[in-house]
Amino acid sequence: EKAHRGGIASHAMASMAEDEGEGKGPPRAIQDLLKEAGQERVVRFWGELSDGERRALCDQVESLKLGEVRGYLDAARERALRGEGQGAPEPVGADQVCSRSALSADKREEYVAEGLGLIAEGKVGVVLMAGGQGTRLGTKLPKGCVDLGLSDSRTLFRVQAERISRLQSLAASAKFGEGAEVRNPVMWYIMLSDAMRAHTERYFRENSYFGLNESQVRMFNQGKLPCVTEQGEVLLESRGKVAEAPDGNGGIYEALLVSGCLQSMRERGVEYVDCYCVDNLLAKIADPLLVGYCSKFGADLGCRTLAKSSPNERVGVFVKSGGGGVG
């Protein structure tokens, strides 16, 4: 794919020089790409742009997945027309839920021991989604860098790093004996947005990674998608720049792939991944009980949830979807 895109870029630049010399529009490769995606209006201000702005716009158009975006919109419309996903959700069956309180003490110990063993062996990694800005908290800092107002000026990143540090020490002691050194540090993969990346990296460096090894903390960027209208037309941020926005938590799968994090997991022997959001202060990161439970049952996916305090409590719940899955 990179070679293919590189070929387009080279062709685009060559065409640009030729077309501009003749006073024409955008390079042919760019025009074809936009036409195929139905987004020809992206270059409607071409005649008003400088050479530098034109090159920047061509580079951006080539990097965007305009065809995929059109496909997403068309597929969503088709599902809506067919009425998919509009049926009433159904309760999750009791056979799909395990209550912590219903487990015997022996069973809990069994699952925790299983989880701690996997953590000690380096088979459990942690993925943190931390691309958000603390705007609702009154700051432009990354959420993870916001002071929680505690006596020791802790932040979300610091609290979570300390939990990982403590967890891997407990796991090492449980597996190899009291006081044993950590042989396999828990890998911490942190997904960030472009805007939050530099500040977060600097914050971790300035705080010596809060006692963790630098090599066990890997940051990567979430993807971006062009902003579009309800009709699917790409929006412009300026005459020569397409408006873009982070692709959200759902983009984590592709981001893990293209960033090389999945390959890192394979190389390090990570078989289980705990995923959570940065603003969840009470998250039980890589909870040994959950890890051990999922391992024992061979579950592909396990989710933690709390029982509602009453039927009318306004919180999200897990339900069965029309396709038979749980979400």
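Keep in mind that this is a model prediction, so the values were computed, not measured.

A. Here's a closer look at the overall build of the protein. Helix and strand counts for the protein stand at ten helices and ten strands. Along the longest, intermediate and shortest principal axes, the C-alpha atoms of the protein span 80 × 50 × 40 Å. Within the protein, the proportion of its 327 residues that are buried is 34%. Of the contacts formed within the protein by residues at least 6 apart in sequence, a portion of 67% connects residues at least 24 apart. When the accessible surface of the protein is split by element, carbon and sulfur atoms take 50% of a total near 19,200 Å². Charge-centre separation for the protein: the mean point of 42 positive side chains lies 3 Å from the mean point of 46 negative side chains.

B. Looking closely at unusual backbone geometry. Positive phi is not limited to glycine here, since S208 has a value of about 50 degrees. Relative to the assigned elements, S208 resides in the loop between α7 (194-206) and β4 (217-221). Within the chain, Y209 stands out as a residue other than glycine whose phi angle is a positive 55 degrees. Structurally, Y209 is set in the loop between α7 and β4.

C. Local environment of the packing of helix α2 (residues 28-37) against helix α3 (residues 51-63). Where α2 meets α3, the axes come as close as 11 Å, and the angle between the chain directions of the two elements is 45 degrees. Relative to α3, the element α2 is oriented oblique. The way α2 lies across α3 gives a crossing that is left-handed. Between α2 and α3, the residues in contact are I30, L33 and L34 and C58, V61 and E62, respectively. By residue class, the composition of the contact of α2 with α3 is five nonpolar, no polar and one charged.

D. Structural view of the nonpolar core. Counting 32 residues, the largest nonpolar core has L128, F157, W188, I190, F204 and V217 as the members making the most contacts within it. Elements that contribute at least two residues to this core include exactly α5 (105-120), β2 (124-129), α6 (156-176), β3 (188-192), α7 and β4. Filtering out sequence-adjacent residues up to four positions away, L128 remains in contact with F157, Q160, W188, Y189, I190, M191, Y276, C277 and V278. In this structure, L34, V43, W46 and C58 belong to the second largest nonpolar core, which totals 14 residues.

Definitions and cut-offs
- Here the residue numbers are simple positions, counted from 1 along each chain's written sequence.
- Residues qualify for local features only when their pLDDT is at least 70, as the model is predicted, and side-chain atom pairs are given and counted only at 80 or more; totals for whole chains, interfaces and linings, by contrast, use all residues.
- Hydrogens and water are ignored here; the side-chain numbers use all heavy atoms of the structure.
- For the purposes of this entry, the term helix denotes a DSSP run of H or I that reaches at least four residues, the term strand denotes a run of E that reaches at least two, and both are numbered from the N terminus.
- Burial classes: relative accessible area under 20% of the type maximum marks a residue as buried, over 50% as exposed, and values in between as partly exposed (1.4 Å probe, protein chains only).
- Contact criterion: two residues are considered in contact whenever any of their non-hydrogen atoms come within 4.5 Å of each other.
- Using a 1.4 Å probe, the Shrake-Rupley method yields the accessible areas, and only the shown protein chains count as cover for residues.
- None of His or the chain ends enter the tally, which takes Lys and Arg as positive and Asp and Glu as negative.
- Each charge is placed at NZ for Lys, CZ for Arg, CG for Asp and CD for Glu.
- Inter-axis angles, ranging from 0 to 180 degrees, are taken between N-to-C directions of lines fitted to C-alpha atoms, where helices are fitted over the stretch in contact.
- These descriptions rest on fixed angle ranges, namely under 35 degrees for roughly parallel, over 145 for roughly antiparallel, 65 to 115 for roughly perpendicular, and the rest for oblique.
- By convention the crossing between two helices is left-handed if the near helix lies anticlockwise of the far one by an angle smaller than a right angle, and right-handed if it lies clockwise.
- All amino acids are sorted into three groups, where Ala, Val, Leu, Ile, Met, Phe, Trp, Tyr, Cys and Pro are nonpolar, Asp, Glu, Lys and Arg are charged, and the leftover types, Gly among them, are polar.
- As used in this record, nonpolar core signifies buried Ala, Val, Leu, Ile, Met, Phe, Trp, Tyr and Cys residues forming a set joined through side-chain atoms within 4.5 Å.

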